[in-house]
Amino acid sequence: MVRLPQVYKMMPDYYRKGITAYWTPRLQEWIVSISCIAMIAGMLFSRAILSISMIVLFVNTFHPEKIRNTWTTFKESRFALCCILFFLTYVISGFWSSDTVNWVDVVKIKLPFIFLPFSLVNAPFGDDRFRKVTTEGILLVLLAGMLYRFYPLLSDPQYLSTHAHLPSPMEGDYIRFTIALVFGIQFVLWFFLMKKKNAPGKKELVLLSLWALLAIVYIHVHAAKAGLLCFYILLVVFALSLFKGKRLWIRIAILPAIILIGVAGVLSIPSLQKQLMNTVRERKVWESQDATQFATTSSFVPRLLSYRIAGGIIVCKPLTGVGAGDVKLQMDNVYERDYPAIPLTARLLPHNQFLWT
């Protein structure tokens, strides 16, 4: 069997030299950077851009002068191995998936777990300029997403009084968008921790600070619980790591201070107050275990219900499960049998990747 790097050895010399004359290693690296930024833009605004940028990123990996190192690094990467094993769980489950059409769709969605690690495992993130351009480009894309979605609130200050959340990019997927903003805040923190010789200038740091401030405001105004949870976990981890080895009283004061900030936000931001009231109401509904009331909820009760149903299916088939193609079918069957009052839009798949897998 011909190994991947040997394919390029078999090419005529003039052909390989002709490619690298235009497709230089440096250009290959900047295509990686542009593709990463375009993937985030596609994730927010256009599936076509997302698909095209991922294909370009994958094809760009096969540079004749770099493919050998990329292939070697990929084979030796434990992270890449875990991604392959994760992907194979879905592939293998096709043997006992009765709905093969849905199984193929699920497997296609998981394909990035194969080619994204392969495409990025040897990317030059150690290069300060490459890393800076890539991360700042991603921050600009996320800024566009925030500004685009702040518009309804600016045109109608009472928007949140009649809607649970601001409209989000990613086809309304506010959970993933707010988590993406948390990752963006992590980039900003990284810029502030850079060594002085590589650190951004003062003006750039001011702009980064304003970006982070806007992202924090957006996360709190949007009041997505997953995004808020990720943000405060980031604060705790960052603060503890920053003051590692410092005076004990600083580290002891960190957690209460962050808690007070969170409580102050809940007391002062209307959208957070609304989310708190809704959480209290849904808690009462869940504790009552009145299935007829489940249909009136839209937050964590449907999620907990999906966990319960998934757990029951796992107990019935603990070794093989139901096959990746049959998860939706099996979940729908239980909803129809035990919870017929739940609207179709609220019949969630296991709202947890661990349980799903």
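Rules behind the numbers
Residues numbered from 1 in each chain as written. Predicted model: local features only at pLDDT ≥ 70, side-chain atom pairs only at ≥ 80, totals over all residues. Heavy atoms only, no water. Helix = DSSP H or I, 4+ residues; strand = E, 2+ residues; numbered from the N terminus. Buried < 20%, exposed > 50% of the residue type's maximum accessible area, 1.4 Å probe, protein only. Areas by Shrake-Rupley, 256 points an atom, 1.4 Å probe, with all protein chains shown as cover. 1 Å grid on protein atoms, 1.4 Å probe; cavity = no way out; pocket = protein on both sides within 12 Å on 5 of 7 lines; lining within 4 Å. Points joined across faces, edges and corners; volume = space filled by probe spheres on them. Phe/Tyr/Trp six-rings, centres within 6.5 Å; stacked < 30°, edge-to-face > 60°. Axes fitted to C-alpha atoms, helices over the stretch in contact; angles between N-to-C directions. Parallel < 35°, antiparallel > 145°, perpendicular 65-115°, else oblique. Left-handed = near helix turned anticlockwise from the far one by under 90°. Contact = heavy atoms within 4.5 Å. Nonpolar A, V, L, I, M, F, W, Y, C, P; charged D, E, K, R; others polar. Core = buried A, V, L, I, M, F, W, Y, C linked by side-chain atoms within 4.5 Å. pLDDT = per-residue confidence, 0-100.

Attention shifts here to the overall build of the chain. Tallying secondary structure elements over the chain gives 20 helices and zero strands in all. Looking at the chain as a whole, 38% of its 357 residues qualify as buried. For the chain, the accessible surface area stands at approximately 21200 Å², while carbon and sulfur atoms represent 69% of it.

Counted by the stated rule, this structure contains one cavity of 30 Å³ or more. One number sums up the size of the largest cavity: a volume of about 90 Å³. Lining the largest cavity are Gln28, Glu29, Val32, Leu57, Asn60, Thr61, Lys66, Thr70, Ser119, Asn122, Ala123 and Pro124. Of all elements in the fold, only α3 (25–45) and α4 (47–60) reach the threshold of two or more residues within the lining of the largest cavity.

This part covers the packing of aromatic side chains. All told, the structure shown has 15 aromatic pairs when counted by the stated rule. Note on Phe62 and Phe118: the rings are 5.7 Å apart at their centroids and 55 degrees apart in plane angle, and the pair reads as tilted. Placement of the pair is Phe62 in the loop between α4 and α5 (67–76) and Phe118 in helix α8 (residues 112–120), with a sequence separation of 56 residues. Take Phe62 and Phe118: they sit in the same class, and that class is buried. Taken together, the ring pairs connect Phe58, Phe62, Trp71, Phe74, Phe115 and Phe118 into an aromatic cluster.

Viewed as axis vectors pointing N to C, α4 and α8 meet at an angle of 55 degrees, and their least axial separation amounts to 9 Å. With respect to each other, α4 and α8 are oriented oblique. Once α4 is placed against α8, the crossing between them reads as left-handed. For the pair formed by α4 and α8, the contact residues are Met54, Leu57 and Phe58 on the first element and Pro112, Phe115, Leu116, Phe118, Ser119 and Leu120 on the second. Residues that form the contact of α4 with α8 fall into these classes: eight nonpolar, one polar and no charged.

Bringing the nonpolar core into the picture now. Grouped together as the largest cluster of nonpolar side chains are 27 residues, with contacts concentrated most on Leu142, Met146, Phe177, Leu181, Ile185 and Trp211. The set of elements that each furnish at least two residues to this core consists of α3, α9 (128–155), α12 (174–193), α13 (202–222) and α14 (225–242). Take this core: its biggest share by element is seven residues, from α12. Apart from residues no more than four positions distant in its own chain, Ile185 is found in contact with Trp211, Ala215, Ile216, Ile219, Phe231 and Leu234. Counting residues in hydrophobic clusters, the runner-up holds 23 residues, among them Val107, Trp286, Val322 and Val327.

It is worth spelling out the confidence of the model for the chain at this point. Averaged over every residue, the pLDDT of the chain is 82; residues scoring 70 or more account for 80%. Considering each helix and strand of the chain separately, the mean pLDDT is smallest for helix α1 (residues 6–9), with a value of 53, and largest for helix α6 (residues 78–92), with 94.

Turning next to the packing of α12 against α14. Two packed helices can be described by the angle between their axes and the distance between those axes. Close contact between α12 and α14 brings their axes to 8 Å; oriented N to C, the two are set at 20 degrees. Here α12 is positioned roughly parallel relative to α14, judged by the angle of their axes. Handedness of the crossing formed by α12 with α14: right-handed. Along the contact surface, α12 presents Ile175, Thr178, Ile179, Val182, Ile185, Gln186, Leu189 and Leu193, while α14 presents Ala226, Gly227, Cys230, Phe231, Leu234, Phe238 and Leu242. By residue class, the composition of the contact of α12 with α14 is 12 nonpolar, three polar and no charged.

Let us now look at the layout of surface pockets. Approximately 540 Å³ is the volume attributed to the second largest pocket. Lining the second largest pocket are 26 residues, with Thr320, Gly321, Leu355, Trp356 and Thr357 positioned closest to its centre. Its residues placed into classes, the lining of the second largest pocket shows 17 nonpolar, eight polar and one charged.

So, on to the environment of Thr320. Assignment of secondary structure puts Thr320 in the loop between α18 (300–316) and α19 (327–338). According to the relative accessible area criterion, Thr320 is partly exposed, its value standing at 44%. As for Thr320 and Ser93, which are separated by 227 residues in sequence, their C-alpha atoms are 7.7 Å apart.

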